[in-house]
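Residue-level structure breakdown
Listed below, chain by chain, are the residues.
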Amino acid sequence: MAATGNEEQTLLPDIEEEAEGMEREMESEEEEEEGMGVEHSEEEDEEDTSEDELENEAEIQRLEEQLSINAFDYNCHVDLIKLLRQEGKLHRLRKARQKMSELFPLTEEIWLDWLKDEIRLTEDESDREKVYELFERAVKDYVCPEIWLEYVQYSIGGMGAQGGIERVRSIFERALTAVGLHMTKGASIWEAYREFEIVILSTVQPPPGSAPSQEQQELLNAQLERIHTLFRRQLAVPLMDMEGTYAEYSDWADDGVPEMVTRQYRRALQQLEKGKPFEEALLVSEPPKLAEYQAYIDFEMKEGDPARVQIIFERALAENCLVPDLWIKYTTYLDRQLKIKDLVLSAHERAVRNCPWTMGLWKSYLLALERHGADHQTVTDVFEKALNAGFIQATDYVEIWQSFLDYLRRRVDFSKEWSRELDELRAAFARSLDYLKQDVEERFSESGDLSCTIMQIWARIEALHCKNMQKARELWDSIMTKGNAKHANMWLEYYNLERSYGDASHCRKALHRAVQCTSDYPEHVCDVLLNFERVEGSLEDWDAAVQKTETKINRVNEQRARVAEKEALQARQEEEKAEHRRKAKADKKGQKKSQKVNRTGDKRKADDEYEQEWGEDAELPSKRLRGEDDFGSTATEELMETESGLFGRRAPPRKTEPPGFRKNQRGSSEAPQQPQDVSKEQRIDENCVFFEDRLAVPEALKLDRKEVDGRPMYVSPCVDKNKNPDFKVFKYKTAMEKHKIFISGLPYTCTKETLEDLCKQHGTVKAIRLVTNRSGKPKGLAYVEYENEAQASQAVLKMDGSMLENFTLSVAISNPPSRKMEDKGVPSRLLGAAMPRQPQGARGKGRTQISLLPRSLYRQSTPDAKAENGTVSAPHTTETDGVHGGPGTTSPDTQSKSLSNEDFARMLLKK
């Protein structure tokens, strides 16, 4: 719980002598530990110590400055406390712990360290009370068996004081109520309680050989009954190692175990067997174990024992304190089932302290306070804290204001003409509008109340309860001036208000204004006006209404006709552009196929174009020397089966090749390569995998972006782009995903495991995607998917601006920009290329963007080319060795002619 002004005084006083003594002890321990290592000179030790102290002091000052800027930085608090404890700076350590406990519930580890430090400094009996108060604060944050065990053990040390024994018993009973049902750790509290009572028994027993007095006998019998009662109570609770407790009771009891206790023990054993699978699942799973706890909670809720449901909720929240949904589920259960004031309000307070950014928890807290009769000042204070909680959406502020205004409205007695509560309600309405307009709109660029819901509620309250239609009309005028006048539903809402609490003249005025301003459903508003005049109006009113509605409908029809004509024109223009692109592409393709390539070297025969079959061997290397095995060899077939994996085999060899399909056929390595025509269909087919079964395709598409030898493999449906030019394949959503965060600024060495360790501190991580380029190298970007929106929002709040390996991370909710379609009609300009290149080469690999042809060997086509070497000029074609253009690559923008060896030598000599 947040510390109040009185609670801040519960810490031990700052005793200079004790603090200095504690610091001297810690320094002496450090000196002893250093003496056990390798010996150093005294000067070196002093230098190292001073350097470390200076570094730590600088780090402490940095953390304190950071907290002065942002007091809600949880990790900064933890680091500061850890560093101060390491340095032994007890005064500053107390202050740091106190500040953190005021803002956040402390974990079990932090509380235990704090308590142990304070216990060591406690020497005077008067200081024990302040340690007791510190324990009381500790047990309220979370239900932790270790803290309760430390509490009862500390209280035993004060049993010698007046009323000390009764105080110890009271603390033990509270500990049993809190954690006595803990199936795995509750037994430690029971056993400590029994051992304490057995020690008390030894003090009341008479000395050996002496007869006890009547008073001593009564004390002895009462103490024995306490121990018997503890055994019976423990054996009725399902706890681990119950068998050992039952055997111990059998040995301890002189008359044996009563039958009733045995029946309770067996019933508890049956409950233990039912719960063991869930406990074992928690034992083997890794933190935060949310799914396992959820299953355990559902089981206990079906069993219907409120005490056991409460303890399993508390156990789950101790490890998942930042999960809003779990807190909502717990508080809802307490509100509807237990309805115990102290328990319910304590749970609600802890919920908003752990997840202050969740509006739903604050809203439930306000309702719980009102439900259990909390005073007005307490409710107001909680509401003010909610406004400073830092919600992540503008609409959250609207909802929390609505909840508070509802509470204030329920306090007003409207039977009186005036009351202080009514003035407070009106002032709150006015303040809410100013708050949304100034604070919320400044932060989110919107008020969050586009429909002016709060103003509508205020207007209805003024009209219904206060009979103040003038104020209601003023509010509706303000609503309409905020951009709502074009919506028919807003005018009809105002009309219904006037119809219920106003008069006919104002109804008519509202409907006429609605007909004039409405743009979304004008016909409906016109019908409402005409129906109103049928019932209320005179003939003149009817004529005016008909004329106004007809004018409005005619104007609307004209506007719609213009819009339809404009859309039709745009559609025709788009269709013409698409038809123009298709024709240009067809002409370009026909030009490629019609070009004849002649060379003076080794020419390929026309029959060689269809010499090879199209089948499993279509992706063998393009460079193939004479004498190599045939593509259909068994070894190659087995290799394709191994590498294909889920893809299966390729389509069986076909007798007829697809149109435009050609294979690279090389002769001797010295012979120049003859250009060939490589069409777009060939490039697609060479990268396609055909399946015998359609059901294999979805499984194959799941391999998209799977890493193969350190590079991502891209898998998508094989679609003919000529028939479907606008087909796009994108695996991930491009709209906002509130449960997913986008991280930029990551170091390039960051791995998925490192990022997962960083992100899982703020919730359950479902998936992580590190963005890479086509070569598999990281871009420093990542998408992390959480289980729900609240966890993603918490991760944004905690991680944005944090550091990872000296890199500042930028974190936001995933909202990718819309993907713009590129104009396919405009060819892209390539670096160093004088002509368009193929997007893919042999075996589907991308070609280099740099032209490797020497400029001296490249000639632009001229309109009046002369015949050389007896060869008539043909369309100019740029040929390379297959690196840039590839064999058979023909540029549509240039022309080529065959050159002799003398021509090549002459061009080289011109350099």
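One numbering rule holds for all chains: residues counted from 1, following each sequence as written. Local features in this predicted model are restricted to residues whose pLDDT is 70 or higher, and side-chain atom pairs enter the listing and the counts only when it is 80 or higher, whereas totals over whole chains, interfaces and linings include all residues. As a rule here, side-chain values cover all heavy atoms of the structure and leave hydrogens and water aside.

This brings us to the overall build of the chain. A run of DSSP states H or I qualifies as a helix once it reaches four residues; a run of E qualifies as a strand once it reaches two. Both are numbered from the N-terminal end. Helix and strand counts for the chain stand at 32 helices and eight strands. Put simply, the chain has 911 residues, and 38% of those count as buried. Put simply, 64% of the contacts in the chain that link residues at least 6 apart link residues at least 24 apart. Only carbon and sulfur atoms are counted for the fraction: they give 49% of the accessible area of the chain, which is about 53,200 Å². Only protein chains enter the calculation, and the probe is 1.4 Å; a residue is then buried if its accessible area is under 20% of its type maximum, exposed if over 50%, and partly exposed in between. Contacts are assigned to residue pairs that have any heavy atoms within 4.5 Å of one another. For the accessible areas, the method is Shrake-Rupley and the probe is 1.4 Å, while residue cover comes only from the protein chains on display.

The next point concerns the environment of Tyr-521. Along the chain, Tyr-521 turns up in the loop between helix H24 (504–517) and helix H25 (522–536). Given the relative accessible area of 55%, Tyr-521 is considered exposed. Sequence separation between Tyr-521 and Asn-489 is 32 residues, and the spatial gap between their C-alpha atoms is 8.7 Å.

Let us now look at the pattern of salt bridges. Any two side chains of opposite charge can pair, given that their charged atoms come close. In what follows, salt bridge is the name for a side-chain nitrogen of Lys or Arg lying within 4 Å of a carboxyl oxygen of Asp or Glu. All told, the structure shown has 40 salt bridges when counted by the stated rule. Ionic pairing is found between Arg-232 and Glu-225, a salt bridge with its closest N-O pair at 2.9 Å. By relative accessible area, Arg-232 is classed as partly exposed at 22%. Assessed through its relative accessible area of 40%, Glu-225 is described here as partly exposed. Among the ionic pairs, Arg-350 bridges to Glu-314, the shortest N-O distance being 2.6 Å. Taken together, the residues span a long stretch of sequence, with Arg-350 in helix H16 (residues 341–354) and Glu-314 in helix H14 (residues 306–319) at a distance of 36 residues. Residue classification places Glu-314 among the buried residues on the basis of a relative accessible area of 4%. Where salt bridges share partners, they join Glu-57, Glu-64, Lys-89 and Arg-92 into one cluster.

Another aspect to go through is helix H23 (residues 488–501). Multiply 1.5 Å by the residue count of a helix minus one, and that product is the helix's expected span. If you check H23, its first and last C-alpha atoms are 20 Å apart, about what 14 residues at 1.5 Å a residue would give, namely 20 Å. Of the residues making up H23, those classed as buried are Ala-488, Met-490, Trp-491, Leu-492, Tyr-494, Tyr-495, Leu-497 and Glu-498. Residues of H23 that are buried sit in contact with helix H21 (453–464), helix H22 (469–484), H24 and H25.

This next bit is on the nonpolar core. Core analysis: the biggest nonpolar cluster contains 157 residues, and Ile-400 and Trp-401 have the highest contact counts within it. With nine residues, helix H19 (residues 394–411) is the single largest residue contributor to this core. Within the second largest apolar cluster, 19 residues are counted, among which are Leu-758, Cys-759, Ile-768 and Val-811. What makes a nonpolar core is a set of buried Ala, Val, Leu, Ile, Met, Phe, Trp, Tyr and Cys residues whose side-chain atoms join them at distances within 4.5 Å.

The next subject is the side chain of Arg-508. Within the secondary structure, Arg-508 sits in helix H24. With sequence-adjacent residues up to four places away left out, Arg-508 is seen in contact with Phe-532, Glu-533, Glu-536, Gly-537 and Asp-541.

Next up on the list: a positive patch on the surface. Note on patches: the residues involved have over 30% relative accessible area and no salt bridge, like charges join within 9 Å, and the nonpolar side chains Val, Leu, Ile, Met, Phe, Trp and Tyr join within 5 Å. Under the convention used here, Asp and Glu are negative, Lys and Arg are positive, and both His and the chain ends fall outside the count. A single reference atom marks each charge: NZ on Lys, CZ on Arg, CG on Asp, CD on Glu. Together, Lys-577, Arg-581, Lys-585 and Lys-588 make up a positively charged patch on the protein surface. Here Arg-581 lies in helix H26 (residues 539–594).

What follows covers the confidence of the model for the chain. Scored by pLDDT, the chain comes out at a mean of 78, with 73% of its residues at no less than 70. When the criterion is pLDDT under 50, residues 860–896 qualifies, and its contacts beyond four places in sequence or with other chains add up to 82 contacts. A residue's pLDDT is simply how confident the predictor is in it, with values from 0 to 100.

Moving on, we come to a negative patch on the surface. Taken together, the side chains of Glu-51, Asp-52, Glu-53 and Glu-55 define an acidic patch exposed on the protein surface. With respect to the helices and strands, the residue Asp-52 is situated in helix H2 (residues 42–69). Take Asp-52: its relative accessible area is 42%, and that puts it in the partly exposed class.

Right, let's get into the pairing of strand E5 (residues 778–786). Think of it this way: DSSP has to see at least two bridges between two strands before they count as a pair. Bridge count between strand E3 (residues 737–744) and E5: five bridges; the pairing is antiparallel. Residue pairing across strands places Lys-740 opposite Glu-785, the latter belonging to E5. Looking at chain direction, strand E4 (residues 765–772) and E5 are connected through seven bridges and run antiparallel. Bridged to Arg-769 within E5 is Tyr-783.

The relative placement of two packed helices comes down to the angle between their axes together with the axis-to-axis distance. Lines are fitted to the C-alpha atoms to define the axes, a helix being fitted only along its stretch in contact, and any angle between axes, read from their N-to-C directions, falls within 0 to 180 degrees. Between helix H15 (residues 324–338) and helix H17 (residues 359–371), whose axes approach to 11 Å, the crossing angle comes to 15°. Classified by the interaxial angle, the pair formed by H15 and H17 is roughly parallel. For the pair H15 and H17, the crossing hand works out as left-handed. In this structure, H15 uses Pro-324, Trp-327, Ile-328 and Asp-335 to contact H17, whose residues at the interface are Leu-361, Ala-368 and Arg-371. Classification used: nonpolar for Ala, Val, Leu, Ile, Met, Phe, Trp, Tyr, Cys and Pro, charged for Asp, Glu, Lys and Arg, polar for all others including Gly. Per-class residue counts for the contact of H15 with H17 are five nonpolar, no polar and two charged. Angles are sorted into four bins: roughly parallel if under 35 degrees, roughly antiparallel if over 145, roughly perpendicular if 65 to 115, and oblique for all others. Here a crossing is called left-handed whenever its near helix is offset anticlockwise from the far helix by less than a right angle, and right-handed whenever the offset is clockwise.

On to the packing of aromatic side chains, then. Centres within 6.5 Å are what make two rings of Phe, Tyr or Trp a pair, Trp counting through its six-membered ring; a difference in plane orientation under 30 degrees is then read as stacked, over 60 as edge-to-face, and the rest as tilted. Under the criterion given, the structure shown has 28 aromatic pairs. Between Phe-383 and Trp-401, the ring centres sit 4.8 Å apart and the planes meet at 75°, which makes this aromatic pair edge-to-face. Separated by 18 residues along the polypeptide, Phe-383 in helix H18 (residues 376–387) and Trp-401 in helix H19 bring together distant segments of the chain. Three or more aromatic residues link up through ring pairs in this structure, and these residues are Phe-383, Phe-391, Tyr-397, Trp-401, Phe-404, Tyr-407, Tyr-435 and Phe-444. Counted as over-ring charges are cases with an Arg CZ or a Lys NZ within 6 Å of the ring centre that also lie within 35 degrees of the ring normal. Its guanidinium or amino end placed over the ring of Tyr-132, Arg-167 lies 3.8 Å from that ring's centre, counting from NZ or CZ.

Here we take up the sheet that holds E3. Pairing between the strands of a sheet comes from backbone hydrogen bonds, and it takes one of two forms, parallel or antiparallel. Spatially, four strands are ordered E4-E5-E3-E8 in an open sheet, and the strand pairing comes out antiparallel. The sheet terminates laterally at E4 and strand E8 (810–814), the two strands that pair on one side only. Neighbour to neighbour, the strand axes of the sheet diverge by 25° on average, direction disregarded. Sitting on the sheet, helix H30 (residues 752–759) is in contact with E3, E4 and E5, with an inclination near 135° to E4.

This next bit is on the environment of Ala-767. With respect to the helices and strands, Ala-767 occurs in strand E4. Residues Ala-767 and Lys-752, 15 residues apart in the sequence, show an inter-C-alpha distance of 9.8 Å. Excluding residues within four positions of it along the chain, Ala-767 makes contact with Tyr-783, Val-784 and Glu-785.

Within the secondary structure, Asp-117 sits in helix H5 (residues 108–120). You can call Asp-117 buried: its relative accessible area is 8%. Distance and chemistry together define a polar contact, namely a pair of N or O atoms within 3.5 Å, with one atom able to donate a hydrogen and the other to accept it when in protein, and with adjacent residues in sequence counting only for side-chain atoms on both sides. Within the local environment of Asp-117, its side chain forms a polar contact with the side chain of Arg-85, the two groups lying 2.9 Å apart. Filtering out sequence-adjacent residues up to four positions away, Asp-117 remains in contact with Arg-85, Leu-93 and Arg-97.

What follows concerns helix H11 (residues 242–252). Among all positions in H11, only Met-242, Thr-245 and Tyr-249 are buried. Down the axis, H11 shows its buried residues gathered within 60° of arc, on one side only. Contacts from the buried residues of H11 go to helix H9 (186–204), helix H10 (214–235) and helix H12 (259–284). By construction, the arc corresponds to the directions joining the helix axis to the C-beta atoms.

A few words now on the packing of H9 against H10. Relative orientation of the contacting elements H9 and H10 amounts to 165°, with a least axis distance of 9 Å. Judged on the interaxial angle alone, H10 and H9 are roughly antiparallel. In this structure, H9 crosses over H10, and the sense of that crossing is left-handed. Touching Ala-187, Trp-190, Tyr-193, Arg-194, Glu-197, Ile-198, Ile-200, Leu-201 and Val-204 of H9 are Leu-220, Gln-223, Leu-224, Arg-226, Ile-227, Leu-230, Phe-231, Arg-233 and Gln-234, all from H10.

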